[in-house]
Amino acid sequence: MTKAKIIDGVALSAKLREDVSRRAAALTAKGMKPGLAVVLVGDNPASAVYVRNKVKACEQHGLASTLDRLPATVTEAELLLRIQQLNADPSVHGILVQLPLPPHIGAHKVIESIAADKDVDGFHVANAGALMTGRPQFRPCTPYGVMKMLEAYDIPVAGKSAVVIGRSNIVGKPMALLLLEAGATVTICHSKTPNLAEHTKSADIVVAAVGKRNIVTGSMVKPGSTVIDVGMNKTDEGKLCGDVDFASVNEVAGFATPVPGGVGPMTITMLLVNTLESAERAALA
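None of these values were measured; they are calculated from a predicted model.

A. Fine view of empty space enclosed by the protein. This model, assessed by the stated rule, comprises one cavity of 30 Å³ or more. The computed volume of the largest cavity comes to approximately 60 Å³. If you trace the largest cavity, you find it lined by Ile95, Leu96, Val97, Leu99, Ile111, Ile114, Asp119, Asp121 and Phe123. Residue contributions to the lining of the largest cavity peak at three residues, all from strand 4 (residues 94-97).

Here it is as structure tokens:
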């Protein structure tokens, strides 16, 4: 039995980032350096790592990046004011407020306060609506990264059956819409879905995005199918793992993404792509 072909997110990211560097340099030469503003509220250690990686990736690939570190005690009004200032700043093409936010700040209100044409996460209701109507301005970074992986490995989507496990606004719902846009027949499964295996066994593509360890095992997937693992969990030993039991799925699937080294690197790469595209649009305006 041949093992699944590994979809290498690290190698694909490096390739896409080379293109970002080239296009960013071309824009900078015309006097418009693409700029991303990142806002971090409080001192959540995981958020601090994510933010550091995002800022570093910008710097490595020719994008300007600023980081606002605000205390957890900042008021909602103060945060909204800061976002207004960034909205008005022509050197900023993308604004990212790192979630989660402290409980006294309404995340929805904050996301909606970001100018839709600078919402590089693609979470603003105007961008979510544009995605739903098939005319996306910004595609949310993780699902966008997954689509790039399928494309890079010549995995057909049109006419195929896809199962998305998870219904979050960040991954599950936009993932389903992008697959639908690409011509797949899409089923969305979630915590209320009885007998998950019934759905996954007949799917050509399975995307697991629930944050629950080993929710997909080898016995649940169709031989030769593509299994994409968006999950970020820890094993009992504290090692990073996904939602998929990689060892058993690897024996059955045709393609599979590892954790780490799969979807993770793609998310930040697509953030760079979205920021760059925003700057390119601004340059044409």
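B. Representation of the layout of surface pockets. Estimates place the volume of the largest pocket at around 1,200 Å³. Taken together, 46 residues form the lining of the largest pocket, with Tyr50, Thr142, Met232, Gly264 and Thr267 sitting closest to its centre. Of all the secondary structure elements, the ones that give two or more residues to the lining of the largest pocket are helix 1 (9-29), helix 2 (45-60), strand 4, helix 6 (141-152) and helix 10 (263-284). When residues of the lining of the largest pocket are assigned to their parent elements, the largest contribution, nine residues, is made by helix 2. Each residue belonging to the lining of the largest pocket can be placed in one class, and the counts come to 26 nonpolar, 14 polar and six charged. Considering only enclosed or pocket space, the second largest pocket measures out at about 360 Å³ in volume.

C. Molecular detail of the sheet that holds strand 3 (residues 64-70). Pairing is parallel across the open sheet formed by three strands, whose spatial order is 3-2-4. Strand pairing shows two members of the sheet lacking a second neighbour, strand 3 and strand 4, which therefore form its edges. On average, adjacent strands in this sheet sit at an angle of 15° to one another, irrespective of strand direction. Two strands pair when backbone bridges link them, and strand 2 (residues 35-41) and strand 4 are joined in this way by four bridges, in the parallel orientation. Paired with alanine 37 across the two strands is isoleucine 95, which belongs to strand 4. Contacts from helix 2 reach strand 2, strand 3 and strand 4 within the one sheet, and its direction differs from that of strand 2 by about 165°.

D. Main features of the pattern of salt bridges. Applying the stated rule across the entire model yields eight salt bridges. It is possible to trace a salt-bridge network through shared partners that takes in Asp19, Arg22, Arg23 and Glu280.

What counts, and where the lines are drawn
Residues numbered from 1 in each chain as written. Predicted model: local features only at pLDDT ≥ 70, side-chain atom pairs only at ≥ 80, totals over all residues. Heavy atoms only, no water. 1 Å grid on protein atoms, 1.4 Å probe; cavity = no way out; pocket = protein on both sides within 12 Å on 5 of 7 lines; lining within 4 Å. Points joined across faces, edges and corners; volume = space filled by probe spheres on them. Helix = DSSP H or I, 4+ residues; strand = E, 2+ residues; numbered from the N terminus. Nonpolar A, V, L, I, M, F, W, Y, C, P; charged D, E, K, R; others polar. Pairing = 2+ DSSP bridges. Axes fitted to C-alpha atoms, helices over the stretch in contact; angles between N-to-C directions. Contact = heavy atoms within 4.5 Å. Salt bridge = Lys/Arg side-chain N within 4 Å of Asp/Glu carboxyl O.

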